[in-house]
Every structure is written in C-alpha cells, then in structure tokens.
Amino acid sequence: MKKFIIVFSIVLIYACSKTDAADNIPDVVPDDEIITIPVVVHIVNYAPNPFDISDEKIFSQIAVLNKDFRKRNVDVTNVPDEFVHLAADTKIQFKLAVIDPLGNATTGIIRSSSEVTGWDGKTSVFDETAIENFKLYYSDKGGQDAWQKNYLNIWIADLSDRHGNLGLGGYATFPGADPRIDGVVIDPRVFGTLPPLIKNFDLGRTLTHEIGHWLNLLHIYGKDGDCEEGDLIDDTPTQKSQYLGVPSYPQNSCETNDMYMNFMDRVNDNAMYMFTHGQKKRMRSVFNKNKARRSLYISSK
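Rules of the game
In this numbering scheme, every chain counts its residues from 1 along its sequence in written order. With pLDDT at 70 or above as the cut-off, local features in this predicted model cover only qualifying residues; side-chain atom pairs require 80 or more to be listed or tallied, and sums for whole chains, interfaces and linings still use all residues. The side-chain numbers reported here are obtained from all heavy atoms of the structure, hydrogens and water having been left aside. Secondary structure counts use DSSP, requiring at least four H or I residues in a row for a helix and at least two E residues in a row for a strand, with both numbered from the N terminus. We compute the radius of gyration from the C-alpha atoms alone; for a globule the expected value is 2.2 Å times N to the 0.38, where N is the number of residues. With a 1.4 Å probe rolled over the protein chains alone, any residue whose accessible area is under 20% of its type maximum counts as buried; one over 50% counts as exposed, and the rest are partly exposed. Exposure was quantified through the Shrake-Rupley algorithm and a 1.4 Å probe, taking into account, for residues, occlusion by the shown protein chains and nothing else. In this charge count, Lys and Arg are treated as positive and Asp and Glu as negative; neither His nor the chain ends contribute. Where a charge lies is defined by one atom per residue type: Lys uses NZ, Arg uses CZ, Asp uses CG and Glu uses CD. Contacts: residue pairs with any heavy atoms within 4.5 Å of one another. The axes are straight lines fitted to the C-alpha atoms, using for helices just the contacting stretch, and the angles between their N-to-C directions are given from 0 to 180°. These descriptions rest on fixed angle ranges, namely under 35 degrees for roughly parallel, over 145 for roughly antiparallel, 65 to 115 for roughly perpendicular, and the rest for oblique. It is the rotation of the near helix from the far one that decides the hand of a crossing: anticlockwise by less than a right angle makes it left-handed, clockwise makes it right-handed. The nonpolar class holds Ala, Val, Leu, Ile, Met, Phe, Trp, Tyr, Cys and Pro. Asp, Glu, Lys and Arg form the charged class, and all remaining residues, Gly among them, are polar. The pairing criterion for strands is at least two bridges between them, as found by DSSP.

Draft legend 1. Inspection of the overall build of the protein at higher detail. The helix and strand inventory of the protein stands at five helices and six strands. The N-to-C order of helical and strand elements in the protein reads α-β-α-β-β-β-β-β-α-α-α. Over its C-alpha atoms the protein spans a radius of gyration of 21 Å, differing by no more than 12% from the 19 Å that the globule rule assigns to 301 residues. The principal-axis extents of the C-alpha atoms in the protein amount to approximately 80 × 50 × 40 Å. Taking all 301 residues of the protein together, the buried fraction comes to 46%. Accessible surface computed for the protein: about 15300 Å², of which carbon and sulfur atoms make up 53%. The centroid of the 32 positive side-chain charges in the protein is displaced by 7 Å from the centroid of its 40 negative side-chain charges.

Following this line, the structure appears as structure tokens:
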C-alpha cells in the first residue's frame, strides 16, 4: 500500500507540474515578449530550368526578416517625421527550424526538384479545386509536404509567366487556412539579398510583406479604391489604393498623408521601411488563446 501511495504521489506531482506549466502560458501574449517562429524552407526547384538557391541566400532572407520585424532595418530612419512615433518593433523574430515534426535534427532547409512550380499551389477563395490537387504541397506529387501547425512553411518555387519572366512575387495564406497549405510561396528572384534577384525587389521585402499576411495583416490601402474600407487598423492612415515604385513624399489620397512606406503596400523594396504599433498588435493577437496560431506559440515555450 505504501508503495502504491508513493508512486501515485509522484504521478500526481508530475501531472500538477505539467498543468501548472500550461496554466503559466498567458491567454494574451505580453506586448514585450519576443516570439520566435521556427521556419522550414521547402525549395521545390523547377527541374527543366533550375535556379541556384544557396544556403547563404536563405540565411540572408532570415536576416532581413529579423531586421524588418524588429525595427532594426537601417532604412527605418527614412520614415517621415509624422510617422516616426508609429513605427514599431513587433518583437516577432524568425529562425530556421532545428527540429523536424518527428523530433529529428534538421537544418530547416529541404531541397527537391521536379516539374512542379509555384503556380501549382495557387489557390483562391473562389477556387473549388480540392487541396489534394495542388501538387506543390505534396511530396508524392513533386512538391513538399507542409510541416504542420508549429512552423512557418516557406515554399521557394518558380513563378514565371509563359515568357519566363517573373509573373508573381509570392503569395501567402491567412490564419485559419488548411494546415496542408499553410505558409508562404515565393519566387527565388525576390527572395533574400543574394542572386538570383530582379531589380527593385532585391532586398527581401517581398517575404516581409507576405509574412505580414500570414500573420493576418491586410494591405494598407482600401479595397477597390475606397477610403471607407481599409486595413482595420487605427494607426495606419486611410489610403485609397496601392502605390508602386518609389513615390515622393508626401502623397495624399483620403485627406491625410498616405503611409506608402509601410511593408503592407506594394512599393519597391527600397521604399518600404515600417510596421505600426497597430499592425504589431494585430499580428501578435493570432498567438492569443483560441486564435489560429496559438499552437505555434505554445510549442515555443
């Protein structure tokens, strides 16, 4: 009987300690807590015309993300004076995964080649195609399986148009997407800061923008040129439509100066520099209790 009591007590103590650990994870992530997101990079290289995608190129992109999301990018000094107080360190950072879903060591970089391209993963809200038919997300169809829930999946894949030119820089899923396709798809020519790259999108900001979507940010500008319907964030000025290229400051479309230098507009890489405090709050909220990316936050504890 004594032996049973001792064993039971040990089990009870262990169970309580696990419960206490879970209970200590806050329902709302504190504003000053740094969230580190493990990243897996799936390189699905187009076999007939492959790109040279070095590990160093991938490292350069992770470095860009950590500067942009932590307000450590040197060009943040270009933010106009009227917006300086709004520029935020989101306290979100990224690292290549070191453990895979099975608990094995990994570099966080997975390479394969096939005739699958980035277009083989392009879905839309109007698309009735079964997810199983999007080959990019399935290893047995020439793509690569997602590492589900506790990682940011990035698929590097060719997004050329029929002329061989860049047709689209990238695209992302929003929180709540099917975990089999959840993540970002990006063309290698707008990824990182090392070749291959294309002019004007050579600073790694396409991925900064797309991860913003993955963390629930909308474009900073209004839908269909409407000043009334914006990005649902109070501290980003209302803006009618997107900006392209390198606009000259100031620009005004809805009675206030536009924040076209925000990472969620579509200007050239060298013309975007900032997230706002409101965007920070919206992104971090996806890790709160009962929100779409909560499991990723819990797994990091």
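Draft legend 2. A look at the environment of Val-76. Tracing the backbone through its elements, the reader meets Val-76 in the loop between α2 (55-69) and β2 (92-96). In this structure the C-alpha to C-alpha distance between Val-76 and Gly-170, which are 94 residues apart in sequence, comes to 24 Å. Aside from chain neighbours lying at most four places away, what touches Val-76 is Lys-71 and Tyr-273.

Draft legend 3. Representation of the packing of α2 against helix α3 (residues 205-214) within the structure. The geometry of α2 relative to α3 is characterised by a closest axis approach of 9 Å and an angle of 60° between their N-to-C directions. Comparing their axes, α3 and α2 come out oblique. Crossing of α2 over α3 shows right-handed handedness. Contacts between α2 and α3 involve Gln-61, Val-64, Leu-65, Asp-68 and Phe-69 from the first element and Arg-205, Leu-207, Thr-208, Ile-211 and Gly-212 from the second. Looking at the contact of α2 with α3, its residues break down into five nonpolar, three polar and two charged.

Draft legend 4. Quick peek at the environment of Phe-134. Here Phe-134 shows up in the loop between β3 (109-114) and β4 (152-157). The buried category is assigned to Phe-134, whose relative accessible area is 8%. The spacing of Phe-134 and Ala-105 is 29 residues in sequence and 28 Å in space, taken between C-alpha atoms. Here Phe-134 is in contact with Asp-120, Gly-121, Lys-122, Thr-123, Asp-127 and Thr-129, once residues within four sequence places are set aside.

Draft legend 5. Looking closely at the pairing of β2. Here β2 shows one buried face, formed by Ile-92, Phe-94 and Leu-96, and one open face, formed by Gln-93 and Lys-95. Across five bridges, strand β1 (residues 35-46) lies against β2 in parallel orientation. Following the sheet pairing, Pro-38 is matched in β2 by Lys-95.

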